[in-house]
Amino acid sequence: MPKNGKAVKRELDDETTESSKDLLSNEDPCDDSFKKSSLIVDHEGQGKESEVEEGLDGDAERPAWNSKLQYILAQVGFSVGLGNVWRFPYLCQKNGGGAYLVPYLILLVAIGIPLFFLELAVGQRIRRGSIGVWTYISPRLGGIGFASCVVCFFVALYYNVIIGWSLFYFSQSFQQPLPWHECPLIKNKTTTYVVPECEKSSATTYYWYREALDISNTIDESGGLNWKMTACLFAAWSMVCLAMIKGIQSSGKVMYFSSLFPYVVLICFLVRALLLKGSVDGIRHMFTPKLEIMLEAKVWREAATQVFFALGLGFGGVIAFSSYNKRDNNCHFDAVLVSFINFFTSVLATLVVFAVLGFKANIMNEKCVALNSKKIMALQGNGINPGLIPQYINFSHVSAEDYQQMITNIKASNESEYPRLGLESCSIEEELNKAVQGTGLAFIAFTEAMTHFPASPFWSVMFFLMLVNLGLGSMFGTIEGIITPLVDTFKVRKEFLTVGCCLMAFSIGLLFVQRSGNYFVAMFDDYSATLPLLIVVVLENVAVAWVYGTDKFFEDLKDMLGFTPYRFYYYMWKYITPILLLVLLASSFIQLAMSPPSYSAWIQELASEQSLNYPPWGVAVCVSLVVTAILPVPLVFALRYFNVIDENTGGLSSVAYSKGRVIKEGDRPEEDDDASLLHAKSPSEAPSPLPGNSIYRKHSSGGPDADTAPNGRYGIGYLMADMPDMPESDL
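Residues numbered from 1 in each chain as written. Predicted model: local features only at pLDDT ≥ 70, side-chain atom pairs only at ≥ 80, totals over all residues. Heavy atoms only, no water.

A. Summary view of the overall build of the protein chain. Check the secondary structure of the protein chain and you find 27 helices and eight strands. Put simply, the protein chain has 731 residues, and 56% of those count as buried. For the protein chain, the share of sequence-separated contacts (at least 6 apart) that also reach a separation of at least 24 residues comes to 80%. For the protein chain, the exposed area adds up to about 30,400 Å²; of that, 61% sits on carbon and sulfur atoms. (Helix = DSSP H or I, 4+ residues; strand = E, 2+ residues; numbered from the N terminus. Buried < 20%, exposed > 50% of the residue type's maximum accessible area, 1.4 Å probe, protein only. Contact = heavy atoms within 4.5 Å. Areas by Shrake-Rupley, 256 points an atom, 1.4 Å probe, with all protein chains shown as cover.)

Okay, structure coming up:
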């Protein structure tokens with residue numbers, strides 16, 4: 001071959017035994033003296049390699065989890081997030097109470113665990129981020145990985161804003177009484193009166209919308225930056241950046257606190273709430289099954305969506321975390337364990353939320369009874385016959401039962417006139433039926449309940465610190481879903497990429513800390529993730545089950561795990577799960593088509609929320625979010641299909657995927673092709689006829705060593721010595 005020939009992928013001929021490379025491969029890889037000599041050769045030939053295994057740029061080791069516990073905590077921290085605390089309880093209450101758990105568990109087994117297992121397995125087998133994994137399986141479907149990165153970035157933009165909100169409330173909780181305990185007063189020269197906006201709503205609602213967000217009336221009114229929230233957003237991104245700057249080597253240590261602390265807080269809250277009056281009413285209301293609701297299609301659709309997002313499917317974080325595992329790790333056990341930990345965390349959070357809301361409902365009901373009892377006293381003889389009031393009732397202290405007795409008598413005596421009296425029913429059930437979710441639950445309903453707790457500042461500090469930790473755990477996985485694929489693919493320094501990504505995200509995130517920022521958070525939450533992630537996961541399932549082949553994937557799993565997975569997964573991956581995902585995708589499309597894009601605006605003059613349609617530019621942004629997130633899939637497919645990008649290359653890093661070997665190409669004007677065999681080659685770079693005794697071997701020196709697995713630049717600390725059975729893409 002001419003010396004100045006362009007770079008090509010070398011065809012490694014297993015039959016050839018005459019070359020010096022193959023002679024070297026016959027050496028015993030366990031021989032210490034051989035290891036030393038190979039390292040010396042490697043060092044001397046550095047800079048002259050024409051074909052190198054991926055990951056040999058400098059340090060060849062991929063960071064490893066320090067322990068299995070650290071890895072499990074990372075996956076739990078990523079999957080258990082804010083949605084478990086403020087989304088699952090709302091869906092449970094809305095969709096039949098305890099009966100909702102039945103469709104949720106069925107769909108967890110049918111969709112959640114199989115897909116979670118699939119993502120864990122491909123990440124662990126190929127040991128790359130999402131871009132590398134899906135390019136390896138099928139180069140034409142490499143856009144799936146890029147789409148995952150885009151969605152992760154969109155979600156990270158607004159998710160960290162929520163962490164910023166939690167940091168703000170956390171910082172304001174070190175006060176007695178809490179600043180949202182009561183409405184502020186306005187004093188002038190003659191009178192003192194309550195702020196009208198607060199008087200029309202409530203103290204916690206006013207504090208959230210006016211003091212914290214200082215929200216504008218519509219999305220069209222930007223209102224400028226909210227500097228308090230800007231500072232909190234900067235603090236949130238600084239925390240994420242510092243924790244992620246060294247990858248799992250730094251974030252893994254943080255996981256011990258960020259993943260475990262929320263459980264400590266939830267258990268403390270549950271014990272404390274159960275000691276409060278009315279908590280049992282909330283739990284009873286929660287788990288009273290409404291079986292007729294369970295049969296509605298909407299309930300199953302919402303349960304499937306919650307399962308899908310609760311486990312973090314499609315984000316790439318699951319794949320990224322599992323790519324740092326040993327190749328023989330039992331990822332099936334991990335999938336089942338993490339899925340059920342996630343489920344039981346949701347149930348625990350639901351118990352806590354409704355125990356606290358039951359206490360709050362009793363407080364609100366007592367206020368309602370006291371207020372309406374005064375109305376009844378004033379109306380006696382003027383619309384209400386005094387004879388209707390039982391003699392034993394003492395108006396200085398009216399119980400809920402006494403009030404209900406009076407209301408029943410008054411309504412029975414003159415039902416047609418009853419509405420004019422303006423009396424409320426004051427029912428605990430009605431108070432509990434006021435379903436709240438998301439920020440409304442965390443920053444309004446829960447904060448109001450905590451103002452009635454003894455030592456309320458302590459519980460407020462604990463609650464918002466828990467929210468910060470839940471958010472950070474999910475953010476670590478989300479950022480890992482961006483950083484790992486890009487580092488693996490483009491060979492950039494992880495530290496520089498992490499800092500650059502966080503700075504860019506903070507700059508774009510200023511959009512969310514304007515006075516209208518809350519409306520943009522809702523927009524991104526509704527449109528940037530739901531449909532794109534569903535499409536991504538459908539394509540992931542199809543890529544493995546139909547493009548790569550379920551039978552072939554099962555062989556890989558058997559080789560990797562040491563046992564054949566249950567046949568249940570074969571049928572789920574190949575038939576059941578894709579069908580269920582397509583049904584879910586179609587129903588999501590229909591739901592979006594039937595309901596025009598709208599948002600809930602806070603109108604200051606009315607002191608209430610009002611549903612408004614997005615302006616034309618807002619609709620355009622909603623559509624562009626969906627299109628931008630999914631655009632990499634058809635774009636990469638078209639570029640590969642029309643050979644704009646050679647299917648044997650992997651883009652900027654010129655990575656080719658073949659038999660588990662990733663070969664870097666480059667121009668070698670001064671080096672003969674055959675001569676390269678003698679330069680800087682360690683024995684494991686050649687197809688050895690003597691397979692190693694173990695799948696893994698520890699990296700024994702600081703010098704680069706070859707790795708026949710498709711590993712990224714930042715390795716796991718375990719190098720795959722001989723893997724002739726690495727699956728090859730059918731395409």
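Continuing now.
B. Here's a closer look at the state of the cysteines. Inspection of every chain in the model, using the stated rule, returns two disulfides. Note on cysteine connectivity: cysteine 183 is disulfide-linked to cysteine 198, with sulfurs 1.9 Å apart. Between cysteine 183 and cysteine 198 the sulfur-sulfur dihedral comes to about -80°; the bridge is accordingly left-handed. With cysteine 183 in the loop between α8 (143-172) and β1 (185-187) and cysteine 198 in helix α9 (residues 196-200), this pair connects stretches of sequence that are 15 residues apart. On the basis of relative accessible area, cysteine 198 is assigned to the buried category, the value being 1%. At a sulfur-sulfur separation of 1.8 Å, the disulfide partner of cysteine 368 is cysteine 426. The sign of the -75° torsion about the S-S bond sets the cysteine 368-cysteine 426 disulfide as left-handed. With cysteine 368 in helix α17 (residues 331-379) and cysteine 426 in the loop between α18 (400-413) and α19 (428-432), the pair connects residues that are 58 residues apart, well separated along the chain. (Disulfide = S-S within 2.5 Å.)

C. Local environment of the confidence of the model for the protein chain. On average, residues of the protein chain score 79 in pLDDT, and 80% of them reach the 70 mark or higher. Mean pLDDT values over the elements of the protein chain span from 32, in strand β8 (residues 718-720), up to 95, in α8. In this model, residues 1-60 is a region of pLDDT below 50 whose contacts with residues beyond four sequence positions or in other chains number 120 contacts. (pLDDT = per-residue confidence, 0-100.)

D. The arrangement of a nonpolar patch on the surface in detail. Together, Trp546, Tyr571, Tyr575, Ile576, Ile579 and Val583 line one region of the surface with nonpolar side chains, adding up to about 610 Å² of accessible area. The biggest single contributor to the nonpolar patch is helix α25 (residues 567-594), with five residues. Locating valine 583 in the fold gives a position in helix α25. For valine 583, a relative accessible area of 52% corresponds to the exposed category. (Patch = residues over 30% accessible without salt bridge, like charges linked within 9 Å, V, L, I, M, F, W, Y side chains within 5 Å. Salt bridge = Lys/Arg side-chain N within 4 Å of Asp/Glu carboxyl O.)

E. Just helix α13 (residues 279-287), in detail. Those residues of α13 lying buried are Ser279, Gly282, Ile283, His285 and Met286. One face of α13 carries all of its buried residues, which in axial projection span an arc of 160°. Against α5 (88-94), α12 (248-274), α17 and α19 lie the buried residues of α13. (Arc of directions from axis to C-beta.)

F. View of the pairing of strand β3 (residues 598-603). Inspection of the sheet shows β3 paired to strand β4 (residues 608-613) by six bridges, in the antiparallel sense. Its bridge partner being in β4, tyrosine 599 is matched across the sheet by leucine 612. In this antiparallel pair of consecutive strands, β3 and β4, the connection spans four residues, and alanine 607 shows a positive phi of 55°. (Pairing = 2+ DSSP bridges.)

G. Looking closely at the pattern of salt bridges. Throughout the structure, instances matching the rule amount to 14 salt bridges. Notably, a salt bridge pairs aspartate 559 with arginine 125, separated by 3.0 Å at the nearest N-O pair. With aspartate 559 in helix α24 (residues 530-561) and arginine 125 in helix α6 (residues 101-126), this pair connects stretches of sequence that are 434 residues apart. Between aspartate 214 and arginine 210 there is a salt bridge, and its shortest N-O distance comes to 3.2 Å. A relative accessible area of 10% means that arginine 210 is categorised as buried. Each of the salt bridges in this network shares a partner with another, and the network as a whole consists of Arg125, Arg327, Asp556 and Asp559.

H. Looking closely at the nonpolar core. The biggest cluster of nonpolar side chains holds 183 residues, and the ones touching the most others in it are Trp134, Ile137, Trp237 and Phe269. Ranked by residues supplied to this core, first place goes to α8 with 18 residues. If sequence neighbours within four positions are ignored, tryptophan 134 has contacts with Leu118, Val122, Pro139, Leu141, Gly142, Ile144, Gly145, Ile319, Glu540, Ala543 and Val544. Core analysis: the second largest hydrophobic core is formed by 16 residues, Leu379, Ile393, Met406 and Leu423 among them. (Core = buried A, V, L, I, M, F, W, Y, C linked by side-chain atoms within 4.5 Å.)

I. Up close: the packing of α17 against helix α20 (residues 438-450). Following both chains from N to C, one finds α17 and α20 inclined at 60°, their axes separated by 8 Å at the closest point. By the angle between their directions, the pair α17 and α20 is classed as oblique. The interaxial crossing formed by α17 with α20 has left-handed handedness. Of α20, the residues touching α17 (which contributes Val352, Val353, Val356, Leu357, Phe359, Lys360 and Met364) are Leu441, Ala445, Phe446, Glu448 and Ala449. (Axes fitted to C-alpha atoms, helices over the stretch in contact; angles between N-to-C directions. Parallel < 35°, antiparallel > 145°, perpendicular 65-115°, else oblique. Left-handed = near helix turned anticlockwise from the far one by under 90°.)

J. Quick look at the packing of aromatic side chains. Overall, the coordinates contain 56 aromatic pairs when judged by the stated rule. Plain terms: the ring middles of phenylalanine 117 and tryptophan 573 are 5.5 Å apart, the flat faces sit at 40° to each other, and that makes the pair tilted. Of this pair, phenylalanine 117 sits in helix α6 while tryptophan 573 sits in helix α25, and the two are 456 residues apart along the sequence. Just as phenylalanine 117 is buried, tryptophan 573 falls in that class too. Measuring from ring centre to ring centre gives 5.1 Å for tyrosine 169 and phenylalanine 443, while their planes differ by 45°; the resulting arrangement is tilted. Residue tyrosine 169 is located in helix α8, and its partner phenylalanine 443 is located in helix α20; the two are separated by 274 residues in the primary sequence. By relative accessible area, phenylalanine 443 is classed as buried at 0%. Above the ring of tyrosine 548, the side-chain terminus of lysine 552 is found at 5.0 Å from the ring centroid. (Phe/Tyr/Trp six-rings, centres within 6.5 Å; stacked < 30°, edge-to-face > 60°. Lys NZ or Arg CZ within 6 Å of the ring centre and 35° of its normal.)

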